[in-house]
Amino acid sequence: MACIKGKVLRKKLFTNYTFLASNCNICLYKEQQANSVPMGPAVELWKEREMDKTRKKYERLSEKIMLWEDKKKKKAKRKLHRTERGVEKAKLKAKQRFIDDNERIEIIVASARTHAYESQMKEVLKVKEKANLMRTTGRSPCACL
């Protein structure tokens, strides 16, 4: 507050200081802090309101955190199931590949066995023919040696 020739002007020039002018003598003085006035019920009401604001703020924050957590957990679970389905598909694919390989191997083995059996029969037949030839001629054939 500033006083100029009996008039009070309310002008705050600095945060903690005011001008006091009286009879052209200007001096700067530090504002005096007012003594605290007992305001028990008003303070309690204000305190409760502030506590409610704070509680509601953190309840909302807690809800957001829970929603985020649920969202992320569901996403992770979906990803896991998708991966497991992929693993199951991979397992089924590998099993089918195994079955196909076994069928192919069985076909090859059956073909090789029949070929080996036919070769064996031919050799046995040759041996029997040579044995019959040796019996009839009495000597071993030249190709035998």
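Reading the values: rules and limits
Residues numbered from 1 in each chain as written. Predicted model: local features only at pLDDT ≥ 70, side-chain atom pairs only at ≥ 80, totals over all residues. Heavy atoms only, no water. Helix = DSSP H or I, 4+ residues; strand = E, 2+ residues; numbered from the N terminus. Buried < 20%, exposed > 50% of the residue type's maximum accessible area, 1.4 Å probe, protein only. Areas by Shrake-Rupley, 256 points an atom, 1.4 Å probe, with all protein chains shown as cover. Salt bridge = Lys/Arg side-chain N within 4 Å of Asp/Glu carboxyl O. Patch = residues over 30% accessible without salt bridge, like charges linked within 9 Å, V, L, I, M, F, W, Y side chains within 5 Å. pLDDT = per-residue confidence, 0-100. Contact = heavy atoms within 4.5 Å. Lys, Arg positive; Asp, Glu negative; His and termini not counted. Charge placed at Lys NZ, Arg CZ, Asp CG, Glu CD. Expected span 1.5 Å × (residues − 1).

(A) Expanded view of the overall build of the protein. Within the protein, the regular secondary structure consists of 1 helix and 4 strands. In the protein, the succession of α and β elements from N to C terminus is β-β-β-β-α. A buried classification covers 3% of the 145 residues belonging to the protein. Carbon together with sulfur atoms contributes 60% to the accessible area of the protein, which is approximately 14,300 Å² in total.

(B) Looking closely at the pattern of salt bridges. A full pass over the atoms with the stated rule returns 5 salt bridges. Two residues, E59 and R55, come together in a salt bridge whose shortest N-O distance is 3.2 Å. Within this pair, E59 and its partner R55 are both found in helix α1 (residues 40-137), separated by 4 residues, close to a single helical turn. By relative accessible area, which is 39% here, E59 ends up partly exposed. The salt bridge involving R104 is made with D101; its shortest N-O contact spans 3.9 Å. One end of the pair is R104 and the other is D101, both in helix α1 and 3 residues apart, which spans about a single turn. The exposure class assigned to D101 is partly exposed, which follows from its relative accessible area of 32%. Here the residues in one salt-bridge network are D52, R55 and E59, joined through shared partners.

(C) A nonpolar patch on the surface, seen in detail. Residues Y58, L61 and I65 make up a contiguous nonpolar surface patch of roughly 310 Å² in combined accessible area. In this structure, I65 sits in helix α1.

(D) Region of the structure containing the confidence of the model for the protein. On average, residues of the protein carry a pLDDT of 78, and 71% of them reach 70 or more. Taken element by element, the predicted model of the protein shows its lowest mean pLDDT in strand β3 (residues 17-22) (45) and its highest in α1 (90). Low pLDDT, under 50, characterises residues 11-32; the stretch is placed with 32 contacts to residues that sit more than four places away or in other chains.

(E) Inspection of a positive patch on the surface at higher detail. Judged by side-chain charge, K71, K72, K74, K75, R78, K79, R82, R85 and K89 come together as a positively charged surface patch. Tracing the backbone shows K75 in helix α1.

(F) Fine view of α1. When the terminal C-alpha atoms of α1 are compared, their 141 Å separation across 98 residues agrees well with the 146 Å that a helix rising 1.5 Å per residue should span. Positive backbone phi, at 85°, marks G138, one or two positions downstream of α1.

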